[in-house]
Each structure stands twice: as C-alpha cells, then as structure tokens.
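Now for the letters of each chain:
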Amino acid sequence: MQQTLVAGASAGGGLAAGLTLLARNLGAPAIAAQVLICPMLDHRNTTTSSRQYSGVPGVWTGEMNEFGWRAVLGHLTDDEVSAYVSPARAEDLSGLPTTYIDTGSAEVFRDEDTDYATRIWAAGGQAELHVWAGGFHGFDALYPQANISATARRTRTDWLTRLLLPNGSA
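A.B. asks: Just checking my understanding: could you explain the side chain of H137 for this structure?
C.D. replies: With respect to the element layout, H137 can be found in the loop between strand 4 (127–132) and helix 5 (139–142). Within the structure, H137 has its side chain in polar contact with the side chain of E107 (distance 2.8 Å). Each residue touching H137, except ones within four places of it in the same chain, is listed here: S10, C38, V59, W60, A106, E107, F109 and L142.

Given below as structure tokens:
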C-alpha cells in the first residue's frame, strides 16, 4: 500500500508542517505521517529557547532566526501571517497524521517544537517527540559520526520502519 509522507528539517520542517495543515484543511492529498526535524514553526520568536540562544554564538541563533523570518514574511503583521507559513499559529491541530518531531535541547526551536507536539497530543493526535540532550541546530548533519547523531538517525529510522512496515518485514 502506498503511503504519502512529508518530511523536512529546519525551515523545511516548517514547510512540511504547513503543507500537512493545508492538506488536512483541503481534505487531500491524504498524508500518512509527517517527520519534522528541528522544525522552524513559529515566526514570533517569543519562546524561552528563542531568547536563550540570542546574543551568543551558534549554528542558528535567535538573531539569525529573526532575519530568516523577516526574509520570508517581509512587512506582514502577526495577524497577516498564515498558519501554513508559521504552523505554530494554527489554532486547531486535530486530525493531523502521526507526527515525528526531534529537536535539540540546545536549540532555538526547542520550545516551539515541544509545544507543537504537546498541542498535537492535546488535540487527540499522535506524536513522537525527541529532545536530544546537548543537541544544537543541525547537530546530526554537521557531526554525523557523533554518538548523539547516530542515535537520532537510528531512532528516526526505527520510527519510520514501525510506521511503514508494521510487521517488521522488509
């Protein structure tokens, strides 16, 4: 049986989440799951982690995040920003497909990512959330040989295997 899965990392994770919301609202195409890897979900930059990782060196800082969102949104006001662009704005997260979210504990997006998973659960949905201790933005791509990176990739692959091959047969 063919299943549609959307996935993305960082800004691509935000796009994947927005696409999934749009597909749900339009009623098609049917999406079986979404995989959101350190997704960029909230343009407001008001979380503790977005402030915590501002004014410090890093792979992706609060200042870089603000610049990235300004580049996407231009002069739009908060009320003009669609949940398809900034998925954290979505008021209703019910009816979403099963979701995998991972993020690092030392990451600008940590709190918006954990909040998104919490809101999926609150709406009756299924989400698997991993917050990798010490992980920073893009850690698994930048340091693929590190134990934490290998563990994160293996955990993601195991989740996909359980989802796509429920009987464990390859």
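Here the narrative resumes, following the displayed structure.
A.B. asks: What is the right way to read the packing of aromatic side chains from this model?
C.D. replies: Two aromatic rings, taken as a pair, are described by how far apart their centres are and by the angle between their planes. In the structure shown here, the tally under the stated rule is three aromatic pairs. Between F136 and F139, the aromatic rings sit 6.5 Å apart at their centres with planes inclined by 70 degrees, giving edge-to-face as the arrangement. Residue classification places F136 among the partly exposed residues on the basis of a relative accessible area of 26%. A ring pair is formed by F136 and Y143, whose centres lie 6.1 Å apart and whose planes are at 80 degrees; its orientation type is edge-to-face. What makes Y143 exposed here is its relative accessible area of 52%. Ring pairing ties together the aromatic residues F136, F139 and Y143, which thus form one cluster.

A.B. asks: So what exactly am I meant to see when it comes to the sheet that holds strand 1 (residues 5–9) here?
C.D. replies: Sheet architecture is open: four strands sit in the order 1-2-3-4, paired in parallel fashion. Taken across any chain shown, the strands that pair with only one partner, and hence form the sheet edges, are strand 1 and strand 4. Sheet twist, expressed as the mean angle between neighbouring strand axes with direction ignored, is 5 degrees. As paired strands, strand 2 (residues 33–37) and strand 3 (residues 98–104) are joined by five bridges and run parallel to one another. Bridging from a neighbouring strand, L36 pairs with I101 of strand 3. With respect to the sheet, helix 1 (residues 11–26) is in contact with strand 1 and strand 2, its orientation differing from that of strand 1 by roughly 150 degrees. Here helix 4 (residues 110–122) sits on the sheet and contacts strand 2, strand 3 and strand 4; the angle it forms with strand 4, its principal contact strand, is near 160 degrees.

What counts and what doesn't
- Residues numbered from 1 in each chain as written.
- Predicted model: local features only at pLDDT ≥ 70, side-chain atom pairs only at ≥ 80, totals over all residues.
- Heavy atoms only, no water.
- Helix = DSSP H or I, 4+ residues; strand = E, 2+ residues; numbered from the N terminus.
- Polar contact = N/O pair within 3.5 Å; in protein donor to acceptor, adjacent residues only side chain to side chain.
- Contact = heavy atoms within 4.5 Å.
- Phe/Tyr/Trp six-rings, centres within 6.5 Å; stacked < 30°, edge-to-face > 60°.
- Buried < 20%, exposed > 50% of the residue type's maximum accessible area, 1.4 Å probe, protein only.
- Pairing = 2+ DSSP bridges.
- Axes fitted to C-alpha atoms, helices over the stretch in contact; angles between N-to-C directions.

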